Structures are given as C-alpha cells and as structure tokens.
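Survey of secondary and tertiary structure
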Amino acid sequence: WRSGEITSYNDDDHEVFEQSSIHRSPVRFLCWNQNGTRLISGDKSGLIVVWKVDGRGQLHPAPLHQHRLLAPLTHCTLHQPRNALGKSLPGDRSVLDAYSWGRKSAVIGSTSAEDPIACFFATADGVVYFLSNSGEYRECYRAEGAMHSLLLLRGKQILAVVTQDMVLTQFSVSIDGQLSQIMTAKLSGKNKATAIIWVAEEVLASCSDESVIRLWDFDRGDNYVLQHTLSAPDEVVTSISYSFDRGILAGGTSSGNVVLWQWKGGRSLYPSSSSSSSLQQEGAERWELLATSALVTPILQVKWGSKKNLLAANSGSTVKILTEHVMNTHCNKQTSAVQISPSEVLVESHGTGLVHSVKTDIHISGVFVTKEYVAVWSGKKLVVYATSVSQDKSLVRVAGSFPTETQTAAIYEHSVYSIEKNQIDVRTLQGTVKQLLPCGEQEGSPVVLSVSRHFLVAGTDTGHVKMWDLSRREPKLLYSKKLPEEVPESGRVLSVKCNCSGSRISVITQTPDDSGRLLALLDVESDTVKVLNPAALYSQASPDAEPSDVSATDVSLPELAGAALSEQLKLCSELLGRQPVSHHWDSSEPRALVLEMEIGGDSSGQRGLRGGNRDGSWLDQRTRKGRSSCKYSQFGVVAVSLFVTRDLSVLISEVTAMESSNNGLIGVHVPFLYFSKKTVVPPSLPQETQPSSPAPQMPATVTRVTLQNFVGLEDSDPATLQAMMEFSYHSTVGNMDEAFKAIKLIKSESVWENMARMCVKTQRLDVAAVCLGNMGNARAARAIREARDIPEPEARLAVLAVQLGMLEEAEELYKKSKRYDLLNQFYQASGHWTKAIEVAEVSDRMHLKTTYYNYARQAEALGEYSAATSSYEKSETHQFEVPRMLLDDPLELENYVMKSKDSAIRKWWAEYLESMGEWEQAMQFYETAADHYSLVRILCFNGNLERAIEVAEESGSRAAAYHLARRFGMENEDVQKAIHFFTKAQCYTPAIQLAKEHGLDNELMSLALLSSQQDMIEAAKYYENSPSTQDKAILLYHKAGEISRALELCFQHRQFDALHQIADDLNDEANPEIVSRVADYFLEHGQFEKAVELLVKSKRLGDALDLCVANSVTITEQLAERMSIPKKPNETPAETERRVQLLERLAECCAGQGSYHLATKKYTQAGNKTKAMKALLKSGDTEKIIFFAGVSRQKDVYVMAANYLQTLDWRREPEVMKNIISFYTKGRAMESLASFYDACAQLEIDEYQNYAKALGALHEALKCLGKAKATNPATLEAKVSFLKERIELVKRFADARSLYEEDPEQCVQLCQSLLDEPSLDTAVRAGDIYGLMIEHYGRTGRYKQAYSLMDELRQRIPTVNMAYYVD
C-alpha cells in the first residue's frame, strides 16, 4: 500500500495478515520466491526487505534481510537458475517437494537453497543490483537514464533492461547472477511504451497507447505488430500479459475489450527450436487471434493468474476475473455430442449421418450421450432428451428432467447415474431415485464416473476407484481400490474409465503438487496397478536399457526383439515430455486404449526417473537423444493408440497428430478416432419439439480420423474389423506369421497394403511378396524381384518402402544400409534436390557430377535457367549444355559468354561469330580463349601475315605454327620461314623434305637430328651420295641405330674419330661380329684397353684375357665381372671346366697385377679356396683373412690362416690368439697347435717369469700332442717325452717358488737341486733360480752367500744382466 503496509491473504483459511512496521513510504514492488516461503518488498525510499513467510501466509515481524539504497526502488524480478529444480538436485525427492507451490508441510527456516531469494532489482536512477541467496547485494549494471522495465526471460536466463528512452540492453545471466552483455538496441514505436513484457521464445512485446501490440523477435532478428478488429476508431491497447503455461497473450483495450492471441510456435517439445511449420511462418503469422471479450469499462491492467488459467482485468474501480469456459463433449460408440454454445448441443449419429440440435434453457456444464438419449446438466438441473428419426428427419424431445447439483452424470439403458455428495444416485429419466450406490467415509466422495457397456466405474476425492456391474437388476460392486496406496505420486482423480469387458481400468490423476498428470492402469482380475511412464518405456526399448531405469509400478513392454523393439523405441520417443489429457477405451476391443497427450507437465514422463521441469531437464542423455528424432515434436497434442495386455504391459500401435483445427479427442470406435472441432458456427434451428433440418445442412462438429491400419476398411463388417485388429496387435508385437493368419481370408487391397507396410518395419520381404500379389501391384512386385541383387537387406526393404509410398521409412533404411548412391537416386526421384546434392557432396562423390547434371536438367525443364546454368557448371558439362540451353535466347547467351571465363565457352562463341562472318569479334574471343590456331587461321585468310607471324611466335602454339608453315610452304612462297615454322611446330618431316628439295644441307642436318629415326636414315642416304658429307651420314646412321652401316662407312672412308665415338656407344646388345671387327681395328692400332673392352663385348673372353696378360692391361673390378662367365643352372661338365679355367686365369692375372682381393674373389668363384686364401694372405688384410677362413670351412685354409696370424703380434692381441687356437683346432693341426702353446709358455717365462701360466700352456701342448695323428710315431714320441721332461722341471721350480712363503730353506734346497739338472736350460732359466736364492740370502742378511751365488751366476752365464734377475 501507499502507506507502506503489506497485507497477505490466505485463501484456504480466509485469513488476512498485515505488516506495517518496516516500510514508511509507498511500496513499489512485491516479489514471491518459487515456493512462497519468502517475500521481497521494496519502497520509494530505497528500502528493500526480505520477509520470512510461515505456512499460513503470515509475514514474520523480524525480516531476514533489509538494505537501504540512496535511490527509490522501481523494479524487481526473481532470479530462477535454469537447473534449480532438476540437474542440481537429481533424485532427491524431499528437496523437490520443498519447491512445490502451496505445500503447507514445507519447512520454513533460514534462507537456503530450499528457500531461494536471489533476484535483480533496480532503482529509479537506472542502477541494477543483484541480491544473492545469502542476503548480500551488489551492483551489476548502470543504465544511461531512468529505468522503464526490468525483465527476466523464464527458462532462457536472459535479462532485459529497458530505459525510459526505450533503449534495450540484453544480458545473459549465470547461476551466480553474473551478467554478460549480449546486445543493445533502440525499440521503435510512436509513443512511449506503457508496458513491456517477455512473451514466447525471446520475443519482447510492448503496448504504447496504440491500436497494435509491437513485438521484437530477437532470435530471428524480426519485428512486427499484432492487430485486432477495433470496436471504436480511437481504441488503443492499454495493458498486456502473457501466460507461459498456455502460450496466450492477453491485451486490454481502452474500449473495455480483452483480446487474446495464441502463440502457434511456442507449444513445441523443443523450446529451443521451433517446428518446421513455424519456421516457415514469419511475424504475426506465428500468432492466432482467439477471441475478444467485452467488459464495457476501459481496462487499465490485465494479469494472468498462476494456476487456474484465470485472467484478471482491472478497470480502476473494479477487478473482473475471467475464466476459460470449456465446451463439453461426449462420444459413445458412433454417437457424439458437442456443446456449441452455453445452452446448445449438437448430437451427431455418425452411422446414419444425421445431426440433432438440442437447445435447452440451462447453462450447460456437462453432457452425456447414448444412441437414444442425451443428458445435459448445469449443476442445478439435469435434462434428458430423446432423439429419434422420422421420415429421414431427426426429432428431439424432452424425456425427463429433475433438479440436481451433480457435476457428473451418465446414462445406462433407461437409468441416470449422478453423483450426489458422497454417493451415486440411480434415477429414472424423470429423476426418481431407484437405488443408491454409497461410498464409505474412508473411500471418500465420488467426483468422476463413466459407463462402458454394462460397467460403471467411479473415482473418489480420496483416490478410491470402484466398479459396478449394471447388467443385473441391482448394480453389483465388482472392484474397489485405493490408488494412493499403490501409487503414492497420484493425487486428485480427474478421469476414470474401463474397457468394454470390465477387465481393465484407466485413471488420470493430478499429481499432489498440481504440477502435472499421470495415467494409472488397473487390472481387475489380478488386482495390480501400473503407471504409464514414457521415460521408463523408452529406457526399456533402448539397446542399453538397465533394470534400474524401471520401477515396480511402471508399465512395461512385453518381450520384443528386432524390428518390433526398434519400432517401439521410435514410438516411445514420441511420448517423452508429454502428459495425458484424456483416455478412451474402444467400445468393442478390450485391449485398445487411446490417449490424448500434450506437451508439458511433470507427471508420467518424469515420474521416478528425474526431477522435472518444463524445459525438459528431467531427461537423461538417452531420453534427450530419443527426443531429437521425434516425428511429431512440433505438434502440441497427439493421440497415442495402445494395446494393454493382461499383465498391464503396453504396446504402442501408432501415434496420430491432432490437427490445429481440432480441439481434442472425444472417443474411439474402431476404425475411427473422434476429434471435436475448434470453431463451430451455431446454426439457426427450430425449437426442440420441431423436426430439424436434414443432416447434410448441419455444421460438422466432430472430425473422424481413420486409424492407420484401417485405412480403406471404414465400411467393413465387424468380422473384418476384428481380424484387422488382431493383425494390428500381432504386427505390433512383431509376430508376422500370426498377423498373416489373421487377415489371410480378407480380400481388401487396403488390408494387404497395410500388411505390406508392416513387412517394411518387420523386415519380412517374403511376406511382402505375398501381400503385393494379393494387392495386384505388379510394378512393386517387379521392383522387389529386381532388388534381390542388392546385397544390403535394408536397401532391399527401402525399395519396397518406396513402392508403398513410405518415403520417410525408405529414407531411413537407405541411410541405415549406407547405400548413399541409392539414397541419392531416391532424393532425386522424390524431388529433394538439396538433400541429393548434400549426400553426393559428403558420401557419394562418385555421382556428384551426375547429380548436378540431373538437377540442371530438372531446373532447365522448369525454366529455372540460372539454377540450371550453375549446376551444369558444377557438373562440368556447361561447355556444351549451357550454349544448347540458351541458343534460342541469343541475348542471354551473349551475357553468359561475357560473364564466363571458360576458354571452351569463349572458343565456341568465337566459332559462332566466325560462322556469322563477324571476323573482328571472333578474333577477339579467339584471343581471350587462347585459341591461337584459329586466330592465325583467320589472319592468314584475311592476308594479315605479319600479325599471324607475331601471334605464332609469341604464343608458341604448334598448331598455329604448322598452319603458318603450310601457308609459306605452298608454292614455295618462303622456304626459310616454312622450315622455321615447321620446326617450331615440331613437324620435321615436311621441313626435311623442303630442305632436300632446295639443297639446304645445313638446315637438313639439324632437322634430321631432331626428327624421327626414319627421317635420320633418309637424310643419311642423302648425305651418303656426297663425298664431302660422309661424316654427317655416319653420324646420322649412328643416331638412327644403323651401326653396321655407320661402321662400314667409317672403315671405307677411314673416319677414325667417328669410329671412336661409335665404339664408345657400343653395348652388350650390339652385333658381336661388328664389335669384334672394331676390336681388331683397335688391336692393330695398339689401343689395347679399347680392344679389351670390345673383345669382352664380343664375348672373346680368352683373347681379352691374353691381351691383358701380354700388354699389362689393368683389370678393374668392373672389367673382371664382365670377363667372368656366370654359372648356369644346368651347365655341362665341359662348360664348367671352361668357366673354372677362365676364372683361375683371370685370378692369376689379377694376382700378378697385385689385385689380391679381386684374385681371391675369382678363385672363390672358381671353387679353389686354397688359392683364394693364398692370394688373400698376400694382401695382408687380417680382417678379411679371418672372415674368409671362417666361411671357407677347409682345413688347409684354417691352417694357413692360423700360420699367418702367428706372424702377427698375437701376444698383445687376445682376439688374434683366440683365432689362432680356433683355426688350428678346426684345421686338426694339433702339432702346430702344440707348438703354439709351447711358444706361449716360453713367452710367459721370458716376458713375465710366470711359470704357473707357462706350466698350464705346456700341459695344453701335451694334450694337443696326445691328439695329434703323427706320420712319424718315433718323432712324435720324442716330442712328447721332451715336453714331459720340461713340464717336470717347470713344475719343480713353480712348486719351489710357491713353497717359499711357508719354508724358505726348503725352497732354497729345491732350487739348488734344480741347478744340478743337466737339461735345466730347456725349461727353466737358471737366472730365475739364482735370483730367487740371492734375494732370499739378501733378505736373511747372508750377504756373502748371496754374493757367492752372484759370482756363480756370472760364471754360468757370462753375459748375464744381474739387475734383470735380482731386485
């Protein structure tokens, strides 16, 4: 209030609470949070207050937060993060419940995530602030000017700031309230806007005291106006309000009218993407003018209510609440009743086509119809009318009426069933109560009821469902169930119906928080309850389904596989994001249930899986993927046909989109769905007791839509319809064999066509062939036979789908089979050229040019020459096709040529001009097309030879040069120029002919060398006739490959220089006789190297080798290879002997020249490895000697290699020593190996005085001698004996030295005894013994004895170096 007081009103308890202790100036705004537990208020003085509100709606005296700003507050809008209810709180039901509107049990406490208060508010000076959930505020944006509007788009999180100067600034809002500027724009309008609001999808609407409403579509970058029929010339729109739930824009006018517009592009399953139809609509076409309500007094403000579709209109002195009046409908089998005005109903018999008009004096609030009667009631009175036909005219009479407050009633036979308080009254048509059907206190009061055949089913306000059998004299209670006990999510019962057999019941209930509706199915026999959950059904049909996706109370799918499961997955995706509106069982088939479902809500589609909100955030990744392929996503309402089995499993048979001209589904009677139409013009009919007009003159109020499987069977008998129903059920299950049995006796072509269509979905081509035969569709049968050669089964099915007109299915099958070539052909045949080109560019590039060409032909046939031209160019056929297409329009053709840069097109145009005699223009286009030949041709024809020569020289065109050469060569006009241009054109034969004819020998030689072999020979013959040109003839013969003739001329005319040149060019393929002759020539003249080469080429290898030996011609490795005869696979012994002899001679020659490696190679090729090793030993290449010995594996080679290695410094190279031992061992030369070990022992004694190692080497030598095979045993025995004696002496001295550490005296005695051995010097050096003894005496201080031993050593070895033995 202006005084600063705040008043809250509790509608449930009719209580009023006031709070006046905080604000002292007028309150500018009040803003509730989502769950009504917090209230934000702001006043003119700049004070903003956050109040805590209890469950009764009373404000707590102490506010939670308050802040004072320096400027007056003007606007406030609540910040509702997009994921506040869904993604941020997944699966937490208790938290979700806290967000439910009006829930008294919600806990009221301190500000938290459960009680959000985040909002944006603005001051009069244009500053925008953000208030966080913690109660702190910060400045977000400062506008340039005073604030007009502060608007937050729900769901999109877009904040719009509009100043008084009508400057709009848009921001994107993050979860924590951060702003990111998107755009700034100036809003247009004649006057200053009085109201600006968000409507629809990123559309801003404003009214500014004009007769129109201005709208700005920021998503499309468009602006437009909405107009209505004016009731007065000066009528203007004063206020606007938009309902996001209904998609309705309301405008109040100065003449007291309320005008409503429906947003046609907004009720889509995908808020972010409009439907295909709405995308084609522009501006005001996306809005539909609904109705205008006249309230007389001018309207100052209109405002939509939050829940009950209420619209408030404020006229200053009064506030009027407008509510939507829903026209009542009812359908019973083939009879329907539709209310067309507050007091009139049209009853239509669809079997006979007659329409009855029922006018009454009551305000109708409900209607029920049977074949004989129609009942209407107003809440105060119920009237029953009887309808009949007399002489092809309909008669309507009152059968009875009585006062009653019932809101729901039904008729069975001649009884009326109406709800009265907590019971159902059974009355006569005149109102006499015959019986009562009571409900107990715990069961509650009945609120809804319906009759199906002889079954009455009712639902109570406590969620009880009861069913009676009416076929007996007194109704018998068959079933009673309390629904909330089985389905806790169920709330108020909205509608209840049962099938024709009374075995199953369907119930639509409101959720407890009124956020949506759900459908429950009850099985009477098994007493089970299931809830239809589209998301759970979709999860079951998904390939990656998990058991946790489905709860125990969710309706499930039966066991399916293959195509049937895939079809159910596709159909289940159509249900995602929808909630039930109405439900109807078929009057004859107990399994058939049809649901009317609309987009929105938080009911069955979301129950038990994800927390829900309207933008679809409840869907997980799989269900969002399913929604992306929905066929009917752009339709707000669809009819879903189901089969409900005994275990309450469901099968979706088909989904039918409700046209925009229809209002809703009112019934089903196979083979039709019955929809009520939106607009009905009330007819001018006689009074109720007078006969009505014939049916054809009556307006249609109901639309019948044939079920897909029953198209063509509308007039069939019940048996046929029942058979088709069985077919529909089995085909939906995927059991095509049973489906085929069900209809095999039916002769209708439409039935077999439906069967063939099902074969596409179930992939049964064998059954489809039978169906096509029964249809008599020979063309389709032929197409199927021809498609047998296609390997992909999906592609074969696509062929069948095309023949049956199932183009969408064919498209999907072609994509699935990845036969993009066939998909391309399909698009072309169906006229979808854009898709065809796209497929060709991405996946079928082999046919890309063909696709462009076909499209060009199509465009040409339609007269679209511009598109045809572009496509011909892309198909690279424009050089012929475009001139052909434009030939009848020379001006357009010339324009195309002028714009084209294609040389072929310009050449064609030049030829066209030339044919018309327009030489100058023709030459211009020839020049731009770079056709120099044609240009020279025309210049020559016109006698402009200078220009022709210039063009030919500059262009380098061979054709132009040839044409000019022929011109000069004609009649010998200018032979030199003719030869020049023939040469430039690389046509040498006519040039040579001219040169010979005119004696131009110099030119002839150069031309012949450039020309062909035959021309060279002809020119050589010409030169051969002249003695002075023999050298030229020889050269030409040589170049032409006539070597024999060239050599003959060389020998004949002694042309030795040419002979040398020819000899250099001779190869192995040359004639051996010619080569031999040339070799002899070089031999005679002492050119031995040339002679050797030619002898080798002539295969005179022996002579070549003799020549090398005799004249010391160096044999290179290359020459040696050419002189070697290769080994043949099956050569004879004589050939082998000749080859070996030649190789050995060649090796000897190489060795004689010092080429030992080459000699080794040739000896090896000859098989003589011994000589090869000897030659290699002469080279001194140790590495190759070791390698060759290792690979030769011959004893004598091993021995030679070991002997060679002993000549090296093997003492310092252990690897050489190792190879010596290895080679002697492999060569079985044990005596040599023993000698080597003996030498090793002596080396150890002489160099290192290491008698221990020497003793080891001597033992190895003894072992080797033991293995040796001696040719002279006596000599070997002597060697062994001598070696043993040496071993004994060395061993005695080594033992003595080792004993010195333990017993030096004993060691000295042993050494003294060794000195007395006569053969001591053969094994042990006396100086080593004396040295050991002298050092001993020196250590013990017996110097005289030591000195005496030194004298004795000098006497024994006069030249001894004493320092060598004594330290």
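Preceding block: the structure.
Figured I'd write up the structure that's included with this text. (Residues numbered from 1 in each chain as written. Predicted model: local features only at pLDDT ≥ 70, side-chain atom pairs only at ≥ 80, totals over all residues. Heavy atoms only, no water.)

Considering a nonpolar patch on the surface
Let me state the cut-off plainly: Patches were defined on residues exceeding 30% relative accessible area and lacking a salt bridge, with like-charge contacts within 9 Å and nonpolar side-chain contacts (Val, Leu, Ile, Met, Phe, Trp, Tyr) within 5 Å. Residue burial considers only the protein chains on display, and all accessible areas are found by Shrake-Rupley using a 1.4 Å probe. Each reported salt bridge corresponds to a side-chain nitrogen of Lys or Arg within 4 Å of a carboxyl oxygen of Asp or Glu. The secondary structure listing takes helices from DSSP runs of H or I that are at least 4 residues long and strands from runs of E that are at least 2 residues long, numbered from the N terminus. Throughout, exposure labels follow a simple rule: accessible area from a 1.4 Å probe, protein chains only, divided by the maximum for the residue type, with under 20% read as buried, over 50% as exposed, and the rest as partly exposed.
A cluster of nonpolar side chains, contributed by Leu 310, Val 319 and Ile 321, occupies part of the molecular surface with about 250 Å² of accessible area. Topologically, Val 319 is positioned in strand S25 (residues 319–323). The exposure class of Val 319 is exposed, given its relative accessible area of 53%.

Here we look at the packing of helix H22 (residues 932–941) against helix H23 (residues 945–955)
To keep things clear, this is the line we draw: The angle between two axes is taken between their N-to-C directions and runs from 0 to 180 degrees, where each axis is a line fitted to C-alpha atoms and a helix contributes only its stretch in contact. Working rule for angles: under 35 degrees goes down as roughly parallel, over 145 as roughly antiparallel, 65 to 115 as roughly perpendicular, anything else as oblique. Crossing handedness is defined as follows: a turn of the near helix away from the far one that is anticlockwise and smaller than a right angle gives a left-handed crossing, while the clockwise case is right-handed. Pairs of residues are marked as contacts when any of their non-hydrogen atoms sit within 4.5 Å.
Where H22 contacts H23, the two axes come as close as 8 Å, and the packing angle between them is 165 degrees. By the angle between their axes, H22 is roughly antiparallel relative to H23. Our pair here, H22 against H23, has a crossing hand that is left-handed. Facing H22, whose interface residues are His 932, Leu 935, Val 936, Leu 939 and Cys 940, H23 presents Leu 945, Arg 947, Ala 948, Val 951, Ala 952 and Ser 955.

Some points on the state of the cysteines
Applicable threshold: By disulfide we mean two sulfur atoms from cysteines, separated by a distance within 2.5 Å.
Tallied over the entire structure, the rule returns 0 disulfides. Looking at the unpaired Cys 31, the closest cysteine sulfur is the one in Cys 76, lying at 4.2 Å.

Details of the nonpolar core
The line we're drawing: Within this scheme, the nonpolar core is defined by two criteria: the residues are buried Ala, Val, Leu, Ile, Met, Phe, Trp, Tyr or Cys, and they are joined through side-chain atoms within 4.5 Å.
Counting 83 residues, the largest nonpolar core has Ile 1115, Met 1173, Tyr 1224, Phe 1293, Cys 1311, Val 1324 and Ile 1329 as the members making the most contacts within it. Aside from chain neighbours lying at most four places away, what touches Ile 1329 is Phe 1293, Cys 1311, Leu 1314, Leu 1315, Leu 1320 and Val 1324. The next biggest cluster of nonpolar side chains, apart from the first, holds 58 residues, and it includes Ile 743, Ala 798, Leu 804 and Tyr 814.

Let's talk about the pairing of S25
Which entries qualify depends on this criterion: Should DSSP find at least two bridges between two strands, the strands are taken to pair.
Counting buried positions over the 5 residues of S25 gives 0, only a small fraction of the element. Pairing of strand S24 (residues 310–314) with S25, which is carried by 5 bridges, proceeds in the antiparallel orientation. Paired with Leu 311 across the bridge in S25 is Leu 322. The turn joining S24 and S25, which pair antiparallel and follow one another in sequence, is formed by 4 residues; a positive phi near 100 degrees is taken by Gly 316.

A look at the side chain of Ser 349
Note the threshold: Counted as a polar contact is a pair of N or O atoms within 3.5 Å, where, for protein atoms, one must be capable of donating a hydrogen and the other of accepting one, and residues adjacent in sequence contribute only when both atoms are in side chains.
Looking at the element boundaries, Ser 349 is found in strand S28 (residues 344–349). Among the polar contacts made by the side chain of Ser 349, one reaches the side chain of Thr 352 at a distance of 3.0 Å. Excluding its chain neighbours within four sequence positions, the residues that come into contact with Ser 349 are Gln 334 and Leu 354.

Focus on the pairing of strand S45 (residues 528–531)
Alternating residues of S45 divide into Val 529 and Val 531, all buried, and Thr 528 and Lys 530, none buried. Pairing geometry for strand S44 (residues 517–523) and S45, over 4 bridges, is antiparallel. When the sheet's bridge partners are listed, Leu 521 is paired in S45 with Lys 530. In sequence, S44 turns back onto S45 through a hairpin of 4 residues, with Asp 527 there showing a positive phi of about 55 degrees.

A few points about the packing of helix H41 (residues 1214–1226) against helix H42 (residues 1230–1248)
In plain terms, the rule: All amino acids are sorted into three groups, where Ala, Val, Leu, Ile, Met, Phe, Trp, Tyr, Cys and Pro are nonpolar, Asp, Glu, Lys and Arg are charged, and the leftover types, Gly among them, are polar.
Look at H41 against H42: their axes get within 8 Å of each other, and the N-to-C directions meet at 155 degrees. As judged from the angle between their axes, H41 and H42 are roughly antiparallel. You can see that H41 and H42 cross each other, and the crossing is left-handed. Contacts between H41 and H42 involve Met 1217, Ile 1220, Ile 1221, Tyr 1224 and Thr 1225 on the former and, on the latter, Met 1230, Ser 1232, Leu 1233, Phe 1236, Tyr 1237 and Cys 1240. Per-class residue counts for the contact of H41 with H42 are 9 nonpolar, 2 polar and no charged.

With respect to the packing of aromatic side chains
Any pair of aromatic rings gets described here by the distance separating the centres and the angle formed by the planes. To keep it simple, the criterion reads: Ring pairs are drawn from Phe, Tyr and Trp, using the six-membered ring of Trp, whenever the two centres fall within 6.5 Å, and their geometry is named by plane angle: stacked under 30 degrees, edge-to-face over 60, tilted for the rest. For a lysine, the NZ atom is tested; for an arginine, the CZ atom; a charge sits over a ring if that atom is within 6 Å of the ring centre and within 35 degrees of the ring normal.
Under the defined criterion, the tally for this structure stands at 19 aromatic pairs. Look at Tyr 129 and Tyr 137: their rings are 5.7 Å apart centre to centre, the planes differ by 70 degrees, and that puts the pair in the edge-to-face class. By relative accessible area, Tyr 137 is classed as partly exposed at 34%. Sitting above the plane of the Tyr 729 ring, Arg 591 keeps its charged end 4.5 Å from the centroid. It is Arg 704 that lies over the ring of Phe 672; its NZ or CZ is 3.9 Å from the centre.

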